[in-house]
Amino acid sequence: MNKMKFWLSACLMLATISSKADIAATVMLHHNGKTTLFQWNEVQNAVDAAADGDTIYLAEGTFSAFNVNKRIMVRGTGPKTIVQGMCYINIPGEAPLGMPVLDAICFSEDIYVYSAYKQFTLRKIKAQNLRFHNTSNFYDMKLFCCQFTGYLWLRQNIKEFNAFNCKIYRLHPEDYKSGKVTFEHCNISLITDTIVGATFNSCALKECNKNSQGYNITNFFSCVFDNCVFYYYNGYYLGWSNCNMINCTKDSNVDINFNGTSGSKTYISTIDNTYIGAYGGTYPFTLYPALPTVTKHRYSVDAANKKLNVTLTVDKR
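Keep in mind the model is a prediction, meaning the values are calculated, not measured.

Comments concerning the overall build of the protein
Next, step 1: On a plain count of helices and strands, the protein comes out with 2 helices and 28 strands.
Next, step 2: Relative to its 317 residues, the protein shows a buried fraction of 44%.
Next, step 3: Of all intrachain contacts in the protein linking residues separated by at least 6 positions in sequence, the fraction that spans at least 24 positions is 33%.
Next, step 4: Within the structure as shown, the protein displays about 15500 Å² of accessible surface, and the carbon and sulfur contribution to it stands at 50%.

This is the structure:
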């Protein structure tokens, strides 16, 4: 094979690999080392075909709604992986879940969680509301880098709950009294109802004590606020009882909004020297998963040895 033929063969091989990758990038089920492909409207088919411990990958694009009833993970690419509709999670059994149920997916509607779980985790998820069934007990629930444009409901049957670097438009604790709940580096626009025994570390909280008419709608009992910043609204502060306030700031000028940005002032955490709110902390807010990504590539043809030399630079974004 002469140099030109080999070059054309190499280019054809690269084009074929690229074409196959494009075709495969829809819905991929990984099971026992084997990959099965599904179309954008067959996510539920992939879930039905999966077994406990499997991972389903969703590419960029818009997908039909699906429900999760197995111990699997459904993982997208971030903001460009969009699911139209609600997601119902109802996984049988009480054994701890070994991996996040959903990761890096944007839902157009709600996520509704039914069964009792241990180590239930959502990571890099965007949805309207996150709701929990009120008859099962939930332990060790974690949210990492999630955004909810509507309600996050905390019911009494949620025994342990932790949110890290999340954006929450409306936290609705329904007189939450468990006490084992922590919000760390979160941005919370509004809290309705009473919350007891919660801990807020380096959080930005806006109108957590007023409704649209200006009346108090939140009461905090035995809560801890550590290095938090509050929006100081119309001469009022917070309705609290027996709360521990540590190095907190209140300010009527700062524009703490739902997007987690600050206008007239920027607040830095004295705990870890990062921004207070959803952009700070150990896990800065982003809907993109920390996946290896090819950032540079270089290839050359070794005609003498009939080899194609490929060099890839891979970084985590």
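Details of unusual backbone geometry
Next, step 1: Phi at Asn 165 takes a positive value of approximately 50°, unusual for a residue other than glycine.
Next, step 2: Inspection of the secondary structure puts Asn 165 in the loop between strand S14 (161-164) and strand S15 (167-172).
Next, step 3: Of the residues examined, Asn 165 reaches a relative accessible area of 2% and is grouped as buried.
Next, step 4: Within the chain, Asn 227 stands out as a residue other than glycine whose phi angle is a positive 60°.
Next, step 5: The topology assignment puts Asn 227 in the loop between strand S22 (224-226) and strand S23 (229-231).
Next, step 6: What makes Asn 227 buried here is its relative accessible area of 3%.

A closer look at the nonpolar core
Next, step 1: Ranked by size, the top nonpolar core spans 60 residues in total, and within it Phe 66, Ile 89, Leu 102, Ile 111, Phe 183 and Phe 200 carry the most contacts.
Next, step 2: Each residue touching Phe 200, except ones within four places of it in the same chain, is listed here: Phe 183, Ile 188, Ile 191, Ile 195, Leu 205, Phe 220, Val 224, Phe 225, Asp 226 and Cys 228.
Next, step 3: Counting residues in hydrophobic clusters, the runner-up holds 5 residues, among them Cys 145, Ala 278, Phe 285 and Leu 287.

Remarks on the pairing of S15
Next, step 1: Two elements, strand S13 (residues 147-153) and S15, share 5 bridges in a ladder whose sense is parallel. Note on S15: the bridge partner recorded for Gln 147 is Lys 167.
Next, step 2: Inspection of the sheet shows S15 paired to strand S17 (residues 187-191) by 4 bridges, in the parallel sense. By the bridge assignment, Lys 167 is partnered in S17 with Asn 187.

Side note on the side chain of Ser 64
Next, step 1: Along the chain, Ser 64 falls in strand S4 (residues 61-64).
Next, step 2: Polar contacts involving the side chain of Ser 64 include one to the main-chain carbonyl oxygen of Asn 41, which spans 3.4 Å.
Next, step 3: Here Ser 64 is in contact with Trp 40, Asn 41, Glu 42, Val 43, Val 83 and Gln 84, once residues within four sequence places are set aside.

Some details on the packing of aromatic side chains
Next, step 1: Enumeration according to the criterion identifies 12 aromatic pairs in this entry.
Next, step 2: Taking 5.0 Å as the distance between ring centres and 10° as the angle between the ring planes, the aromatic pair formed by Phe 200 and Phe 225 counts as stacked. Here the residue Phe 200 occupies a position in strand S19 (residues 199-201), and Phe 225 occupies one in strand S22, the gap between them amounting to 25 residues.
Next, step 3: Considering the side-chain rings of Phe 225 and Phe 230, the 5.2 Å spacing of their centres and the 70° angle between planes classify their relative orientation as edge-to-face. Like Phe 230, Phe 225 is buried.

Some points on the pattern of salt bridges
Next, step 1: In this structure the tally under the stated criterion is 4 salt bridges.
Next, step 2: The closest approach of N and O atoms between Asp 140 and Lys 142, which form a salt bridge, is 2.4 Å.
Next, step 3: Classification of Asp 140 by relative accessible area gives partly exposed; the value is 21%.

Observations regarding the environment of Tyr 169
Next, step 1: Note that Tyr 169 resides in strand S15.
Next, step 2: Considering only alpha carbons, one finds Tyr 169 and Ile 191, 22 residues apart in sequence, at a separation of 8.4 Å.

Regarding the side chain of Thr 121
Next, step 1: Considering the arrangement of structural elements, one finds Thr 121 in strand S10 (residues 121-127).
Next, step 2: Thr 121 sits in the buried class, given a relative accessible area of 13%.
Next, step 3: Not counting chain neighbours up to four residues away, the residues in contact with Thr 121 comprise Pro 100, Val 101, Leu 102, Lys 142 and Phe 144.

Some words on a nonpolar patch on the surface
Next, step 1: A cluster of nonpolar residues, Ile 268, Tyr 275 and Tyr 279, forms a patch on the protein surface that exposes about 310 Å² of accessible area.
Next, step 2: When you line up the elements, Tyr 279 lands in the loop between strand S26 (249-251) and strand S27 (292-302).
Next, step 3: Of the residues examined, Tyr 279 reaches a relative accessible area of 39% and is grouped as partly exposed.

A word on the pairing of strand S1 (residues 27-31)
Next, step 1: Judged from the 4 bridges that link them, S1 and strand S3 (residues 55-58) form a sheet pairing that is antiparallel. By the bridge assignment for S3, Met 28 is matched with Tyr 57.
Next, step 2: Where S1 folds back on strand S2 (residues 34-38), the antiparallel hairpin that results is connected by 2 residues, among which Asn 32 adopts a positive phi of roughly 55°.

Some words on the confidence of the model for the protein
Next, step 1: Summing up the model confidence of the protein, the mean pLDDT is 78 and the portion of residues at 70 or higher is 75%.
Next, step 2: In this model residues 1-25 is a low-confidence stretch, pLDDT under 50, and it forms 15 contacts with partners more than four residues away in sequence or in other chains.

Conventions we followed
Residues numbered from 1 in each chain as written. Predicted model: local features only at pLDDT ≥ 70, side-chain atom pairs only at ≥ 80, totals over all residues. Heavy atoms only, no water. Helix = DSSP H or I, 4+ residues; strand = E, 2+ residues; numbered from the N terminus. Buried < 20%, exposed > 50% of the residue type's maximum accessible area, 1.4 Å probe, protein only. Contact = heavy atoms within 4.5 Å. Areas by Shrake-Rupley, 256 points an atom, 1.4 Å probe, with all protein chains shown as cover. Core = buried A, V, L, I, M, F, W, Y, C linked by side-chain atoms within 4.5 Å. Pairing = 2+ DSSP bridges. Polar contact = N/O pair within 3.5 Å; in protein donor to acceptor, adjacent residues only side chain to side chain. Phe/Tyr/Trp six-rings, centres within 6.5 Å; stacked < 30°, edge-to-face > 60°. Salt bridge = Lys/Arg side-chain N within 4 Å of Asp/Glu carboxyl O. Patch = residues over 30% accessible without salt bridge, like charges linked within 9 Å, V, L, I, M, F, W, Y side chains within 5 Å. pLDDT = per-residue confidence, 0-100.

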